[in-house]
Amino acid sequence: MGEFLNAAQITKARKRQGRLVVQPCDGLPFLLEEGMTCHVVPPSLDVPRTVVLREAVEGEDCIVSFEGVDDYSQLVEYVGRYLLVARADIDESLLPEPAPEVEGFAVRDAEFGDLGEVVDVLENAFQATLVVEGERGQVLIPLVDEFVEDVDPDAGVIYTRVPSGLVED
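Here is a short report on the structure shown in this document. Just so we're clear, the structure is a prediction, and the values are computed from it rather than from any experiment.

**Focus on the overall build of the chain**
Right, so step 1: Looking only at helices and strands, the chain features one helix and 12 strands.
Right, so step 2: Starting at the N terminus and ending at the C terminus, the chain contains elements arranged as β-β-β-β-β-α-β-β-β-β-β-β-β.
Right, so step 3: Taking the principal axes of the C-alpha coordinates as reference, the chain spans close to 55 × 35 × 25 Å.
Right, so step 4: Among the 169 residues that make up the chain, the fraction classed as buried is 40%.

Written out as C-alpha cells, the structure reads:
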C-alpha cells in the first residue's frame, strides 16, 4: 500500500463562505479532519501545495477550509484538484480491506476471452492498474468496478469486461 491516500476531490468553491466542497475518492469514506495536513495534486504555482485543514465537515456537501486561504481567487485555483493525506494520519479501521494479491492471476474477459496473466499492479494516487501479459500483448486494465466484474481468489481468476480500446484485436 502507498504512503498517501487520495482522500478527496475538490469540486466547488463557495465565494461567500471561504470554503470548498469536496467529494471522497476511490470509494473511501470521508477521511478529512480539522488540523490534518493535505497535499494538493496536481500542484499549482499560484496556491499552496500543502495545506492544513481549518475545517472539515461531512454532510450532504462535504466542506473544508484551509488555514491561511480565504481569498476566493485562491479557492477557485483548487477546484478540480485532489487532496492526498498520509496513510499514517488515518484511522485504519475506516479503510476498506486491502485487495487480495493478484499477481499471477489469470484474466478472463467477457468479450475477448483469455487475456493472459497479471504480471504487475501499478498503484498511483487515483487508481490501481492491472498489467496483464498474454497472447494479445500487454493489456493495462484500470482496477475499477466498471471493468472488473469479479475476482475468484480460490481459482486465481479475475473476470473483466473491458472496452475494445484497451485490447488489440
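Next comes the rest of the account.
**As for the nonpolar core**
Right, so step 1: Counting 28 residues, the largest nonpolar core has Val22, Leu32, Phe66 and Tyr78 as its most contacted members.
Right, so step 2: When residues of this core are traced back to their parent elements, those giving at least two are β1 (4–14), β2 (19–24), β3 (37–41), β4 (50–57), β5 (62–66), α1 (72–78) and β6 (82–86).
Right, so step 3: Here this core gets five residues from one element, more than from any other, and that element is β1.
Right, so step 4: Not counting the four nearest positions on each side in its chain, Tyr78 is found in contact with Ile10, Leu20, Val40, Val47, Pro48, Val51, Phe66 and Val69.
Right, so step 5: Among the nonpolar cores identified, the runner-up in size contains 15 residues, and Val118, Leu130, Val139 and Ile158 belong to it.

**Concerning the side chain of Arg81**
Right, so step 1: Along the chain, Arg81 falls in the loop between α1 and β6.
Right, so step 2: Although buried, Arg81 forms no salt bridge, and the nearest oppositely charged side chain, Glu77, lies 4.0 Å from it.
Right, so step 3: Within the local environment of Arg81, its side chain forms a polar contact with the backbone oxygen of Glu77, the two atoms lying 2.7 Å apart.
Right, so step 4: What Arg81 contacts, discounting residues up to four positions off in sequence, is Ala8, Gln9, Ile10, Val40, Val41, Pro42, Pro43 and Ser44.

**Re the sheet that holds strand β11 (residues 148–152)**
Right, so step 1: One open sheet holds the six strands; their spatial order is β10-β9-β8-β7-β12-β11, and the pairing between them is mixed. If you trace the sheet from one side to the other, it starts and ends with β10 (137–142) and β11, each paired once. Neighbouring strand axes in the sheet, compared pairwise and without regard to direction, differ in orientation by 30° on average.
Right, so step 2: Sheet topology note: the strand β9 (residues 128–134)/β10 ladder contains six bridges and is antiparallel. From the neighbouring strand, Val132 faces β10, where its bridge partner is Val139.

**Considering the side chain of Asp109**
Right, so step 1: When you line up the elements, Asp109 lands in strand β7 (residues 106–109).
Right, so step 2: The side chain of Asp109 is buried and forms no salt bridge, while Arg161, the nearest opposite charge, is found at 6.7 Å.
Right, so step 3: Of note is the side chain of Asp109, whose polar atom sits 2.9 Å from the backbone nitrogen of Glu111.
Right, so step 4: At 2.8 Å, the side chain of Asp109 and the backbone nitrogen of Val162 are in polar contact.
Right, so step 5: Look past the residues within four positions of Asp109 in its chain and what remains in contact with it is Leu115, Thr160, Arg161 and Val162.

**Some details on the packing of aromatic side chains**
Right, so step 1: Summed over the entire model, instances satisfying the criterion amount to one aromatic pair.
Right, so step 2: Both rings, one in Phe66 and one in Tyr78, keep their centres 5.0 Å apart while their planes meet at 80°; by these two values the pair is edge-to-face. Of this pair, Phe66 sits in strand β5 while Tyr78 sits in helix α1, and the two are 12 residues apart along the sequence.
Right, so step 3: Judged by relative accessible area, Phe66 falls into the buried class, the value being 0%.

Criteria and thresholds
- Residues numbered from 1 in each chain as written.
- Predicted model: local features only at pLDDT ≥ 70, side-chain atom pairs only at ≥ 80, totals over all residues.
- Heavy atoms only, no water.
- Helix = DSSP H or I, 4+ residues; strand = E, 2+ residues; numbered from the N terminus.
- Buried < 20%, exposed > 50% of the residue type's maximum accessible area, 1.4 Å probe, protein only.
- Core = buried A, V, L, I, M, F, W, Y, C linked by side-chain atoms within 4.5 Å.
- Contact = heavy atoms within 4.5 Å.
- Lys, Arg positive; Asp, Glu negative; His and termini not counted.
- Salt bridge = Lys/Arg side-chain N within 4 Å of Asp/Glu carboxyl O.
- Polar contact = N/O pair within 3.5 Å; in protein donor to acceptor, adjacent residues only side chain to side chain.
- Pairing = 2+ DSSP bridges.
- Axes fitted to C-alpha atoms, helices over the stretch in contact; angles between N-to-C directions.
- Phe/Tyr/Trp six-rings, centres within 6.5 Å; stacked < 30°, edge-to-face > 60°.

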